[in-house]
Amino acid sequence: MAETQGKVITCKAAVAWGPKEPLVIQEICVDPPQKMEVRLKILYSSICHTDLGFWNGTNEAERAFPRILGHEAVGIVESVGEGVKDVKEGDYVIPTFNGECGECRVCTKEESNLCEKYQVDPMKRVMVNDGGTRFSTTTTKDGGSSQSQRIYHFLNTSTFTEYTVLDSACVVKINHNAPLKQMSLLSCGVSTGVGAAWNSAKVKEGTTTAVFGLGSVGLAVAEGARARGASRIIGVDANASKFEKSKLMGVTDFVNPKDLTKPVHQMIREITGGGVDYSFECTGNVDVLREAFLSTHAGWGSTVLVGIYPTPRTLPLHPMELFEGRKIAGSVFGGFKPKSQLPNFAQQCMEGV
């Protein structure tokens, strides 16, 4: 790719120009990477529900248009900026919305994966290096004259484009023999779900779990719990058609709230003898969150928040309910430190762990 290094690349991208406006497939310009940045050629990109939320403009404070969405992908390094040492031209990589600088207080501790400089930030729309963007397009003004207009970045990644530029802290090198199409799911959904079970909840062998919401992330949670030896995995979803697919991912029981005449948590307590050891809320619905919390066993039950909550509503819990010994915590990117832990996870996926 020596012919494009150091030069502006013209390519196609799907650009969002406003809330709920159809994405426009158009030519854009992608600048060369600056210091500690990497320019990628995107090979595969998948769609996450979070992309839809930002496209809808659900949270007005997070709106920034025009913008290139997308944050689940796999690509090949086209060129690197000054100072980048861990990846080079031709490497296969995964872009990650949650970065890892490797130097801050958080990155040097095991307790968290929320890098002080590059953690996921829904308000961020420009590059760290200079506060600018690496995307632009030419627009026509009234009167016929043209001008260059910058296009904003999204969740440290912006993958709905043929080429993108990321901070090097958000680029993870993977095995050259990895199945690239499947690896794109490690950018978000699979890592978020499996990691919630492995790293956040630390599911133990022989324990019971309940997964609320059986979308891609919920199914990944179920797979993660199965891989850790959970004896019972209860899937909760209002869509009955998801049960057969969820069984393939380890779900042993299926609860459809529409079929019940009692609260879901009461049903789960009855069939488990007091509640599950772990519950995972994957829908981003605070009412469902309460059911997930109450479905765990008093004394030691643990609830992990995995869904994204666009509502301004706060936690639907009374402080006194925590005195019953149940715990609740959130999980970002499944607790994985992307650059130091994701390559090994990718290898585990290749080996069928």
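These numbers come from a predicted model, not from an experiment. (Residues numbered from 1 in each chain as written. Predicted model: local features only at pLDDT ≥ 70, side-chain atom pairs only at ≥ 80, totals over all residues. Heavy atoms only, no water.)

S.K.: Teacher, can you tell me more about the packing of helix H3 (residues 189–200) against helix H8 (residues 338–350) here?
M.R.: Axes are the key here: two packed helices are described by the angle between their axes and the distance separating the axes. The N-to-C vectors of H3 and H8 enclose an angle of 95 degrees; their axes lie 12 Å apart at closest approach. Relative to H8, H3 is oriented roughly perpendicular. Touching Val 190, Ser 191, Val 194 and Trp 198 of H3 are Leu 342, Phe 345 and Gln 348, all from H8. Residues of the contact of H3 with H8, tallied by class, amount to five nonpolar, two polar and no charged. (Axes fitted to C-alpha atoms, helices over the stretch in contact; angles between N-to-C directions. Helix = DSSP H or I, 4+ residues; strand = E, 2+ residues; numbered from the N terminus. Parallel < 35°, antiparallel > 145°, perpendicular 65-115°, else oblique. Contact = heavy atoms within 4.5 Å. Nonpolar A, V, L, I, M, F, W, Y, C, P; charged D, E, K, R; others polar.)

S.K.: Which parts of the structure should I look at to understand the nonpolar core?
M.R.: Inside soluble globular proteins, nonpolar side chains tend to come together where they are buried. Counting residues in hydrophobic clusters, the biggest one holds 59 residues, and the most contacted among them are Ile 28, Ile 68, Ile 174, Met 183 and Phe 280. Considering each element in turn, this core owes the most residues, six residues, to helix H4 (residues 216–227). Excluding residues within four positions of it along the chain, Ile 28 makes contact with Ile 9, Thr 10, Cys 11, Ala 13, Val 15, Ile 68, Phe 135, Ser 136, Ile 151 and Thr 161. If you look at the next biggest cluster of nonpolar residues, it comprises 15 residues, including Cys 104, Cys 115, Ala 169 and Val 171. (Core = buried A, V, L, I, M, F, W, Y, C linked by side-chain atoms within 4.5 Å. Buried < 20%, exposed > 50% of the residue type's maximum accessible area, 1.4 Å probe, protein only.)

S.K.: I tried to follow the side chain of Thr 192 on my own but got confused; where do I start?
M.R.: Its place among the elements puts Thr 192 in helix H3. Residue classification places Thr 192 among the buried residues on the basis of a relative accessible area of 7%. For Thr 192, the contacting residues outside a window of four places in its chain are Phe 97, Val 217, Val 306, Phe 333 and Gly 334.

S.K.: Help me understand the UniProt feature "domain: Alcohol dehydrogenase-like C-terminal" (unreviewed entry) in the protein, please; the structure alone is not making it clear to me.
M.R.: Under the local residue numbering, the UniProt record ascribes the feature "domain: Alcohol dehydrogenase-like C-terminal" (unreviewed entry) to residues 217–343. The distance separating the terminal C-alpha atoms of residues 217–343 is 20 Å; by composition the span is 33% helix and 16% strand. (UniProt positions renumbered as here; feature names shortened; annotations may be inferred.)

S.K.: For this particular structure, what's the right way to read the pattern of salt bridges?
M.R.: Side chains that differ in sign of charge can pair as their charged atoms come close. Counted under the stated rule, the structure contains 16 salt bridges. Across the pair Lys 339 and Asp 86 runs a salt bridge, and its minimum N-O distance is 2.7 Å. With a gap of 253 residues between them, Lys 339 in helix H8 and Asp 86 in the loop between strand E4 (72–80) and strand E5 (92–95) connect regions that are remote in the sequence. For Lys 339, a relative accessible area of 23% translates into the label partly exposed. With its nearest N and O atoms 3.0 Å apart, the salt bridge here joins Glu 270 to Lys 262. With a relative accessible area of 45%, Glu 270 lands in the partly exposed category. Through salt bridges with shared partners, a single network forms among Glu 37, Asp 130 and Arg 134. (Salt bridge = Lys/Arg side-chain N within 4 Å of Asp/Glu carboxyl O.)

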